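# Structure at a glance
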Amino acid sequence: MKHLFTSLLALLGLATACGQQNFENADVNTFAERTTDSNVVLLDVRTENEFNEGHIANALNIDVKQNIFLEKAKVSLPTDKTIAVYCRSGVRSVLAANKLTKEGYTVVNLKGGILAWKEAGKPVETETDTYETDTFTTKSGKNVTIHTLVHASMRIEYDGKEIQIDPVMKLGDKTIAYASMPQADYIFVTHEHFDHLDTAAIKQLTGDNTKLITNQTCAETLGYGQVMANGDTLLLADDILVEAVPAYNTSEGHTQFHPKGRDNGFILTLDGLRIYIAGDTEDIPEMADIKDIDIAFLPCNQPYTMTVEQLVNAARMVKPKVLFPYHYGQTDVSGIPAMLENDGIEVRIRHYE
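Here the structure is a predicted model, which means the values were calculated and not measured. All residue numbers here refer to positions counted from 1 along the written sequence of the relevant chain. Local features are withheld for residues below a pLDDT of 70 in this predicted model, meaning they are given only at 70 or higher, and side-chain atom pairs are given and counted only at 80 or more; totals for whole chains, interfaces and linings count all residues. Side-chain metrics rest on all non-hydrogen atoms present in the structure, leaving aside hydrogens and water.

### A few points about the nonpolar core
The tendency in soluble globular proteins is for nonpolar side chains to be buried side by side. Core analysis: the biggest nonpolar cluster contains 56 residues, and Ile146, Phe188, Tyr276, Phe297, Leu298 and Leu323 have the highest contact counts within it. Secondary structure counts use DSSP, requiring at least four H or I residues in a row for a helix and at least two E residues in a row for a strand, with both numbered from the N terminus. No other element matches the 6 residues that helix α9 (residues 308-318) contributes to this core. With residues near it in sequence (within four places) discarded, Leu298 still touches Tyr276, Ala278, Met306, Leu311, Ala314, Ala315, Leu323, Phe324, Pro325 and Tyr326. If you look at the next biggest cluster of nonpolar residues, it comprises 34 residues, including Trp117, Val150, Met169 and Leu212. The set of buried Ala, Val, Leu, Ile, Met, Phe, Trp, Tyr and Cys residues whose side-chain atoms join them within 4.5 Å is what this entry labels a nonpolar core. Buried means the residue's accessible area, taken with a 1.4 Å probe over protein chains only, is under 20% of the maximum for its type, while exposed means over 50%, and partly exposed covers the values in between. Residue contacts are counted whenever heavy atoms from the two residues lie within 4.5 Å of one another.

### Here's the deal with α9
Turning to α9, its buried residues are Val308, Gln310, Leu311, Val312, Ala314, Ala315 and Val318. Buried positions along α9 lie against β18 (273-277), β19 (295-299), β20 (322-326) and α10 (336-339). One or two residues past the end of α9 sits Lys319, with phi positive at roughly 55°.

### A short note on the packing of aromatic side chains
Any pair of Phe, Tyr and Trp rings, taking the six-membered ring for Trp, is counted once the centres come within 6.5 Å. Such a pair is stacked with planes under 30 degrees apart, edge-to-face with planes over 60 apart, and tilted for the rest. This structure, assessed with the given rule, holds 8 aromatic pairs. With 5.8 Å between their ring centres and 65° between their planes, Phe297 and Tyr326 make a pair best called edge-to-face. You can see Phe297 sitting in strand β19 and its partner Tyr326 sitting in strand β20, a full 29 residues away along the chain. For the pair formed by Phe297 and Tyr326, the shared burial category is buried. Here Phe297 and Tyr352 contribute two aromatic rings whose centre-to-centre distance is 5.9 Å and whose plane-to-plane angle is 85°, an arrangement assigned as edge-to-face. In this pair, Phe297 is assigned in strand β19 and Tyr352 in the segment after β21 (346-347), connecting sequence segments 55 residues apart. Pairwise contacts between aromatic rings join Phe136, Phe297, Phe324, Tyr326 and Tyr352 into one cluster.

### A few points about unusual backbone geometry
Omega for the bond connecting Gln302 with Pro303 falls within 30 degrees of zero, at 10°, which places this linkage in the cis form. Take Pro303: it is sitting in the loop between β19 and α9. If you check the backbone angles, Asp271 has positive phi at about 50° while not being a glycine. Following the sequence through the fold, Asp271 ends up in the loop between β17 (263-270) and β18. Accessibility expressed as a relative area gives 11% for Asp271, which makes it buried.

### Considering the packing of helix α4 (residues 69-76) against helix α5 (residues 91-102)
Two elements in contact, α4 and α5, have axes whose closest approach is 11 Å; the angle formed by their N-to-C orientations is 65°. Our pair here, α4 against α5, has a crossing hand that is right-handed. Across from Phe69, Leu70 and Ala73 in α4, the residues of α5 making contact are Ala96, Lys99 and Leu100. Here, axes are lines fitted to C-alpha atoms. For helices the fit covers the stretch in contact, and angles between N-to-C directions go from 0 to 180 degrees. By convention the crossing between two helices is left-handed if the near helix lies anticlockwise of the far one by an angle smaller than a right angle, and right-handed if it lies clockwise.

### Some details on the side chain of Asp195
Mapped onto the elements, Asp195 comes out in the loop between β12 (186-188) and α7 (199-205). With no salt bridge to any partner, buried Asp195 finds its closest opposite charge in Arg262, at an N-O distance of 9.2 Å. Engagement of the side chain of Asp195 in a polar contact is seen with the side chain of His327, the distance being 3.4 Å. Not counting residues within four places of it along the chain, the set of residues in contact with Asp195 comprises His151, Ala152, Val168, Leu171 and His327. This count recognises Lys and Arg as positive and Asp and Glu as negative, with His and chain-terminal groups excluded. Between Lys or Arg on one side and Asp or Glu on the other, a salt bridge is scored when a side-chain nitrogen of the former is within 4 Å of a carboxyl oxygen of the latter. Contacts described as polar in this section are N or O atom pairs within 3.5 Å, which, within protein, must combine one atom able to donate a hydrogen with one able to accept it, while residues neighboring in sequence count only if both atoms come from side chains.

### Overview of the pairing of strand β7 (residues 143-150)
When a strand is regular, its side chains alternate between the sheet's two faces. Most of β7 sits out of view: 7 of its 8 residues are buried. Here strand β6 (residues 133-137) pairs with β7 via 5 bridges, running antiparallel. Each bridged residue has a counterpart across the sheet, and for Phe136 the counterpart in β7 is Val144. Here, strands pair whenever DSSP counts at least two bridges between them. Between the antiparallel neighbours β6 and β7 lie 5 residues, among them Gly141 with a positive phi of about 90°.

### Concerning the pairing of strand β4 (residues 82-86)
Counting buried residues in β4 gives 5 out of 5 residues, a clear majority hidden from the surface. Relative to strand β5 (residues 106-110), β4 is paired through 4 bridges, and the arrangement is parallel. Note that in β5 the partner of Val85 across the bridge is Asn109. With its strands directed away from the observer, a crossover is right-handed exactly when the path from the first strand over the helix to the second travels clockwise. The β-α-β motif built from β4, the intervening α5 and the parallel element β5 has right-handed crossover chirality.

### A few points about the sheet that holds β5
Sheet architecture is open: 5 strands sit in the order β1-β5-β4-β2-β3, paired in parallel fashion. Of all the strands in the sheet, just β1 (24-26) and β3 (60-61) have a single pairing partner and so form its edges. Here 3 bridges tie β1 to β5, and the two strands are oriented parallel to one another. Looking at β5, one finds that Ala26 is bridged to Leu110. With respect to the sheet, α5 is in contact with β2 (40-44), β4 and β5, its orientation differing from that of β5 by roughly 175°.

The structure is reproduced here in structure tokens:
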């Protein structure tokens, strides 16, 4: 009996210890007040789909049920700031809070989750309209979905593969939630400028099997990567071929931005579907040698890349079936569809400011 009583006390002590929380539980009003502090980082630990359907403004998204939750958290979350965490109803956020506090983070948890937040009349925002998508079909009927992220950054899904182009986590007032995306199979970086090369974004997307393809300068900066020079080709899989093509400035006074021979554009051939991602370039003569392009991404923001007129000229050289002006910043690209309406090129304007 004494042994049984001792065992019961031990179990009770264990249960009490397990029930102890080393983080703050806050109601909606307290949580809202805490998140106005610049020393607080807001974290949504639901799935990407849940996050896109509605989240608290300025929240990062890292799914706590991912096996690599902590790895992504350590890259994204500063240890010197308080992490304000929430989920749908408050269950997953407690799991996340426990994980984070064990890693030394100071955490405040939203009781009742975003359901309580909405019930209290607090605002949410959606991501659904931010990441526009376009889906194309390859010769054998496979889907290629291209997600518009920002400026020169895009995500491509193809046959279970994740491809990221020039991933940049923050540009201007826009932050891309790479932590909520699957780790990439392939990351392509055209050149080393800040709006194309972002080490934090690359870390978020890199897993054990991620392959980074870039130019010599970026590989030296990062300390790793598969280097491709203009004219190189690389067979990544039986149905995935990449070609590195020239990207450079030609206008007088602009050649220092992107000197000839340093940077890459890339042509991805996915099961016969050819996608030309031009990188930062003007309408260079080498574009006349680029053939059979289904989808082209051409940049438009002088003095760094092309004027609208140069882009139209480049499109007429490349002759893609579908053209996306991108990397256009504050340049007005709305007139490009009309300028190319008699050239048999479908122009799609997306949010690549």
